[in-house]
Amino acid sequence: MKILVALKQVPDTESRIKVAADGRSLDPADVKWITSPYDEYALEEAIRIKEGKGAEVVALSVGSDAAKDVLKNALALGADSAVLLKGDGQGDAYQVAQMIAAYAKDKGFDLILCGNKGLGGDNAAMGPMLAELLGVAQANVVVKLELGDGTFKAEREIEVGSEIVEGALPAVITAQKGLNEPRYASLKGIMAAKKKTIEELEAAPATAGAQVSVLALPPERPAGRRMEGEPAAQALALLQALKDEAKVF
Amino acid sequence: MILVFCELKDGQLRKPSAEALSEGRRLADASGKQLGALFAGASCAGSAEAAKFGADAILTAEGPTLASYSSDAYAAVIADAVKAKGATVLLAAATAVGKDVAPRAAARLAAGYASDVTGLSMVDGKLQALRPVYAGKAFATTSFASAVQVATTRPNVFPVAEKAGAGTAETLAAPAGDFKSVVKEILAKAGGKVDLSEANVIVSGGRGMKDGANFKILEELADAIGGVVGASRAAVDAGWGLPHSMQVGQTGKVVSPTLYIACGISGAIQHVAGMSGSKFIVAINKDPEAPIFKLANYGIVGDLFEVVPELTKAAKALGIGSN
């Protein structure tokens, strides 16, 4: 079995967001970059499949040289090889999907895993777009995955609980928190990863889909009001304000 | 044409779909286009309701092969409908199905896609979308380079507006079958309440709840005021047995209710990112310096274990939520 794991480098969740001088991108100063947390579940699942039934795991990222950190980490955690597609991995999900599809299409991957969304861009689009471009099955926001002989069974989160999706491999599966508990890299893994090289390829040309034209911070919220007095009085004042001022009820 | 993929539940138009249709009507009026509503399933009984929200045409793909949701089959039905009608804008609500199928349909149409948008407009005949990024820490105005433009609308953001449309019925062929994947079973969670992303009122608990069992008082308040209970990452990760589906924040659900009541939540950046789109925010916290108060329209500094039961009592006394 051959597994591709697509990983995205994203700003850490605790990052304060500043807009760059161009007015439409993130100011990278002071941003700490991490592997998108949902991609960590995807990678962990691939490694568990490798440990369970045996698989070759290829880690891939689209980005600049900086994205090599994400791939080094993936190698340390247990990926067999790593590929950097040099291109804009932060922008348009449609373009990224085309780049990964162009790379993956003739390589015989049985399973492609990635996060259900890249933290920050929050598009939740690359996985299903990739599945369509490759003409394969998809299951998104997956919290449980079982593989059969050329088939998969995935439990995915929906509004009122979850649903079971069954389909044929190859497939694109996008991971959700709960799929597994990602491990930390061992010293042995980190040392072994140092001996591995990251294959660098130019990303295939891609057609633009959607682009950010303006990035702006949300408007400040107006100053609030505190309810005074004993708990009972505070509770009553709050509900009255919600009813009469805010007209929530 | 502006085409809106709509969902039915128990033969009724789902509210997020009514919201997407209402927004579609507004965009169609602004750009002199027709509005089409598209349905797929074993039965599309109830689809006529789309005319109430301004649909000029109601397209239905009906057949036994569409009885269970299939990502690839539904994406093909939607893409075929877009092509057949020459639609330039495709909308769907950002529901579990909408978020699954819309990007797949977009790729099939070689179209750009904006997900979970909170604002849409037509600028020089092209769609422009406003969407929260970095879980609401910033907003991105998104424009499209492709001929077809696809967007999903965030539930609870776009107002439902009734406006009579012709609703001319049109039947589309259902695909033959042999799909790449299909939903076999739906496992409903106990209670079967509305999802956080669609809830109008959310009562949320954080580390200050001290234990999962204490969420009972939040359930009681939520029941009294017609809300749903959520939790912060700190609470979900504390090992109190709270499911991740309850988590509000950048790595959980991003919500936009009318009212968000944060109980014992300090207001970490990643939590705020998930709920700052709420219309009204109430903070209940014993620490007067908690950052959550900076966001709150109304704040109560106090012990949530005293305040929350008082709120439940007062809600009942005032007859709130009993309508």
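Data block above holds the structure.
About the criteria used
- Along each chain, residues carry numbers from 1 onward, in the same order as the chain's sequence is written.
- Working convention: letters from A go to chains and numbers from 1 go to ligands, in the order in which they are written.
- pLDDT decides what is reported in this predicted model: residues at 70 or higher carry local features, side-chain atom pairs at 80 or more are listed and counted, and totals for whole chains, interfaces and linings draw on all residues regardless.
- Each side-chain value is worked out from all heavy atoms of the structure, with water and hydrogens disregarded.
- Should any heavy atoms of two residues lie within 4.5 Å, those residues are considered in contact.
- Once two parts are joined, some of their accessible surface, as seen by a 1.4 Å probe, is lost; buried area is that loss totalled over both.
- By definition here, a salt bridge exists when the distance from a side-chain nitrogen of Lys or Arg to a carboxyl oxygen of Asp or Glu is within 4 Å.
- Whenever a nitrogen or oxygen atom comes within 3.5 Å of another N or O atom, the pair is scored as a polar contact, on the condition that within protein one atom can donate a hydrogen and the other can accept it, and that pairs from neighbouring residues in sequence are kept only if both atoms are in side chains.
- Secondary structure elements are defined from DSSP: runs of H or I of at least 4 residues count as helices, runs of E of at least 2 residues count as strands, and each element is numbered from the N terminus.
- The buried label goes to any residue with under 20% of its type's maximum accessible area, the exposed label to any with over 50%, and the partly exposed label to all in between, with areas taken from a 1.4 Å probe on protein chains only.
- For two strands to pair, DSSP has to find at least two bridges joining them.
- In this scheme Phe, Tyr and Trp rings, the latter by its six-membered ring, pair at centre separations within 6.5 Å, and the angle between planes marks the pair as stacked below 30 degrees, edge-to-face above 60, and tilted otherwise.
- Charges are assigned to positions over rings by a cutoff of 6 Å between ring centre and Lys NZ or Arg CZ, combined with an angular limit of 35 degrees from the ring normal.

Moving on, we get to the interface of chain A and chain B. Every contact between the two is made by 77 residues of chain A and, on the other side, 83 residues of chain B. Three residues stand out in chain A for area buried against chain B, namely E132, E159 and R221 of chain A, and they jointly supply 12% of the buried area on that side. Put simply, E159 of chain A and R14 of chain B hold a salt bridge, and the shortest N to O gap is 3.4 Å. Seen at the junction of chain A and chain B, the total is 43 residue pairs in polar contact (both at pLDDT 80 or more). Sorting the residues of the side of chain A that touches chain B by element identifies α1 (37–53), α4 (126–134), β7 (137–147), β8 (151–158), β9 (161–168), β12 (210–216), β13 (225–226) and α6 (231–244) of chain A as the ones contributing at least two each.

Turning to unusual backbone geometry, a few remarks are in order. Of the consecutive residues L169 of chain A and P170 of chain A, the connecting peptide bond is found in the cis state with omega at 0°. With respect to the secondary-structure elements, P170 of chain A resides in the loop between β9 and β10 (171–175). In the Ramachandran plot, D10 of chain B falls in the positive-phi region, its phi being about 50° despite a non-glycine side chain. Structurally, D10 of chain B is set in the loop between β2 (8–9) and β3 (12–13). Owing to a relative accessible area of 74%, D10 of chain B belongs among the exposed residues under this scheme. Its identity is not glycine, yet N156 of chain B carries a phi of approximately 75°, on the positive side. Mapped onto the fold, N156 of chain B is located in the loop between β11 (149–153) and β12 (168–172). N156 of chain B sits in the buried class, given a relative accessible area of 18%.

Further remarks concern the pairing of strand β6 (residues 89–93) of chain B. Consecutive side chains along a regular strand alternate between the two faces of the sheet. Residues and elements named next belong to chain B. With respect to burial, β6 is a largely interior element, five of its five residues being buried. Here β6 shows no split at all, with V89, L91 and A93 on one side and L90 and A92 on the other all buried. Both strand β1 (residues 2–5) and β6 contribute to a ladder of four bridges, which runs parallel. For L3, the partnering residue across the bridge sits in β6 and is L90.

What follows concerns the packing of aromatic side chains. As enumerated under the stated definition, the model contains four aromatic pairs over all chains in all. Ring geometry for F5 of chain B against Y74 of chain B: centres 6.4 Å apart, planes inclined by 85°, an arrangement best described as edge-to-face. Of this pair, F5 of chain B sits in strand β1 while Y74 of chain B sits in helix α2 (residues 71–85); the two residues are 69 residues apart in sequence, bridging distant segments of the chain. Overall, the relative accessible area of 3% leaves F5 of chain B in the buried class. Given a relative accessible area of 7%, Y74 of chain B falls into the buried group. The rings of F5, Y69 and Y74 of chain B are connected pair by pair, giving a single aromatic cluster. For the cation-ring pair, K107 of chain A lies above Y103 of chain A, with the distance from its terminal atom to the ring centre recorded as 4.2 Å. In this arrangement the basic side chain of R226 of chain A is found over the ring face of F293 of chain B, its NZ or CZ atom lying 4.3 Å from the centre.

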